[in-house]
Amino acid sequence: GQQVMQIPQYQHVQEGEDFTTYCNSSTTLSNIQWYKQRPGGHPVFLIQLVKSGEVKKQKRLTFQFGEAKKNSSLHITATQTTDVGTYFCAGKVNDYKLSFGAGTTVTVRA
Amino acid sequence: DVKVTQSSRYLVKRTGEKVFLECVQDMDHENMFWYRQDPGLGLRLIYFSYDVKMKEKGDIPEGYSVSREKKERFSLILESASTNQTSMYLCASSVFGRSYEQYFGPGTRLTVT
């Protein structure tokens, strides 16, 4: 079945630095979603990308969908302590299901 | 405001017990999901339902069953709990035909001893 791989599993970042997490699928995705889970919390929807090559920004977060619609990335600039958490990508499998990546857990050094 | 609630935040059960995890959503969503979350493995889909009394197996259904008698409620059942079912269980719901974003409940951390 479809499998979504996400790297890195852990990202330790100095406050103020940038980082990127990557998501790759074995098959073409109709869309991809990103979620954030704060420590002790539950996943919360951030954004959805649908079009090939699409780029969307939310303040310091930039989301990109690859041209072939098989990969995606999340880039965070000037990391802050509020960015701590686990970021999941999820590819749409069919009308009902999402296939989640394993997540990138981000810690920030002040 | 969108709300998904789960019956317990923490649960401790013994091996062999029958366990019920309840999930309720107040958004009139058609789709409901049960996931388990384990370190390094992300969210793995156990079962989902796209309508009342309808259910479909996810990626890891073995050892679990589900029930959806009402649109707002989706129950996960562990027929005979085992230690390898110790995990965080997350319920989610979504609207069919829109953006498919899923709304998650707070999770139930189940420990089987």
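Predicted model, so just to flag it, every value in this text is computed and none were measured.

**Let's talk about the state of the cysteines**
Phase 1: This model, assessed by the stated rule, comprises two disulfides over all chains.
Phase 2: Put simply, A:Cys23 and A:Cys89 are joined by a disulfide, and their sulfur atoms are 1.9 Å apart. Its S-S torsion of about 75 degrees marks the bond between A:Cys23 and A:Cys89 as right-handed, since a negative value means left-handed. Taken together, the residues A:Cys23 in strand β3 (residues 19–25) and A:Cys89 in strand β9 (residues 85–92) connect sequence positions 66 residues apart. The pair A:Cys23 / A:Cys89 is uniform in exposure class, with both members buried.
Phase 3: A sulfur-sulfur separation of 1.9 Å characterises the disulfide bridge that pairs B:Cys23 with B:Cys91. The disulfide joining B:Cys23 to B:Cys91 has a torsion of about -75 degrees about its S-S bond and is therefore left-handed. A residue pair is termed long-range when its members are at least 10 positions apart, and B:Cys23 in strand β3 (residues 19–25) and B:Cys91 in strand β9 (residues 87–94) qualify at 68 residues.
Phase 4: With a relative accessible area of 0%, B:Cys91 lands in the buried category.

**What about the sheet that holds β3(A)?**
Residues and elements named next belong to chain A.
Phase 1: Pairing within the open sheet is antiparallel, and its five strands lie in the order β1-β3-β8-β7-β6. The sheet terminates laterally at β1 (4–7) and β6 (55–58), the two strands that pair on one side only. Between one strand axis and the next, the sheet turns through 15 degrees on average, direction left out of account.

**A short note on the packing of aromatic side chains**
Phase 1: Inspection of every chain in the model, using the stated rule, returns eleven aromatic pairs over all chains.
Phase 2: Their ring planes at 55 degrees and their centres at 6.3 Å tell us that A:Trp34 and A:Phe63 sit as a pair that is tilted. With A:Trp34 in strand β4 (residues 32–37) and A:Phe63 in strand β7 (residues 61–65), the pair connects residues that are 29 residues apart, well separated along the chain. Each member of the pair, A:Trp34 as well as A:Phe63, carries the same accessibility label: buried.
Phase 3: Here A:Tyr35 and A:Phe45 contribute two aromatic rings whose centre-to-centre distance is 5.7 Å and whose plane-to-plane angle is 75 degrees, an arrangement assigned as edge-to-face. Taken together, the residues span a long stretch of sequence, with A:Tyr35 in strand β4 and A:Phe45 in strand β5 (residues 44–49) at a distance of ten residues.
Phase 4: Every member of this aromatic cluster is reached through a ring pair, and the members are A:Tyr35, A:Phe45, A:Phe88, A:Phe100, B:Phe33, B:Tyr35, B:Phe48 and B:Phe104.

**Considerations on the interface of chain B and chain A**
Phase 1: Facing the 22 residues of chain B at the interface are 19 residues of chain A.
Phase 2: Summing both partners gives a buried area of about 1800 Å² for chain B against chain A, and 59% of it is carried by carbon and sulfur.
Phase 3: It is B:Leu43, B:Tyr100 and B:Phe104 in chain B that bury the most area against chain A; as a group they hold 28% of the surface buried on that side.
Phase 4: Viewed at the interface, chain A and chain B are joined by zero salt bridges.
Phase 5: Summed over the shared surface of chain B and chain A, the number is two residue pairs in polar contact (both at pLDDT 80 or more).
Phase 6: Secondary structure elements with two or more residues in the side of chain B that touches chain A: β4 (31–38) and β5 (42–49) of chain B.
Phase 7: For the side of chain B that touches chain A, a count of residues per class yields twelve nonpolar, seven polar and three charged.

**Let's talk about the pairing of strand β8 (residues 73–78) of chain B**
On a regular strand, one side chain projects to one face of the sheet and the next to the other, so that they alternate.
All names here are of chain B.
Phase 1: Of all six residues making up β8, five are buried, and the element is well covered by its neighbours.
Phase 2: Examined bridge by bridge, strand β7 (residues 64–70) and β8 share five bridges and lie antiparallel to one another. Its bridge partner being in β8, valine 66 is matched across the sheet by leucine 76.
Phase 3: The hairpin formed by β7 and β8 contains two residues between the paired strands.

**Some words on the pattern of salt bridges**
Residues and elements named next belong to chain B.
Phase 1: The tally for this structure, following the rule as stated, stands at eight salt bridges over all chains.
Phase 2: In this structure, lysine 71 engages aspartate 28 in a salt bridge whose closest nitrogen and oxygen atoms are separated by 3.1 Å. Of the two residues, lysine 71 sits in the loop between β7 and β8 while aspartate 28 sits in the loop between β3 and β4, which places them 43 residues apart along the sequence.
Phase 3: Aspartate 38 serves as the salt-bridge partner of arginine 44, at 2.8 Å between the closest nitrogen and oxygen.
Phase 4: Each of Arg36, Asp38 and Arg44 takes part in one network of salt bridges that share partners.

About the criteria used
- Residues numbered from 1 in each chain as written.
- Chains lettered and ligands numbered in written order.
- Predicted model: local features only at pLDDT ≥ 70, side-chain atom pairs only at ≥ 80, totals over all residues.
- Heavy atoms only, no water.
- Disulfide = S-S within 2.5 Å.
- Helix = DSSP H or I, 4+ residues; strand = E, 2+ residues; numbered from the N terminus.
- Buried < 20%, exposed > 50% of the residue type's maximum accessible area, 1.4 Å probe, protein only.
- Pairing = 2+ DSSP bridges.
- Axes fitted to C-alpha atoms, helices over the stretch in contact; angles between N-to-C directions.
- Phe/Tyr/Trp six-rings, centres within 6.5 Å; stacked < 30°, edge-to-face > 60°.
- Contact = heavy atoms within 4.5 Å.
- Buried area = accessible area lost by both parts, 1.4 Å probe.
- Salt bridge = Lys/Arg side-chain N within 4 Å of Asp/Glu carboxyl O.
- Polar contact = N/O pair within 3.5 Å; in protein donor to acceptor, adjacent residues only side chain to side chain.
- Nonpolar A, V, L, I, M, F, W, Y, C, P; charged D, E, K, R; others polar.

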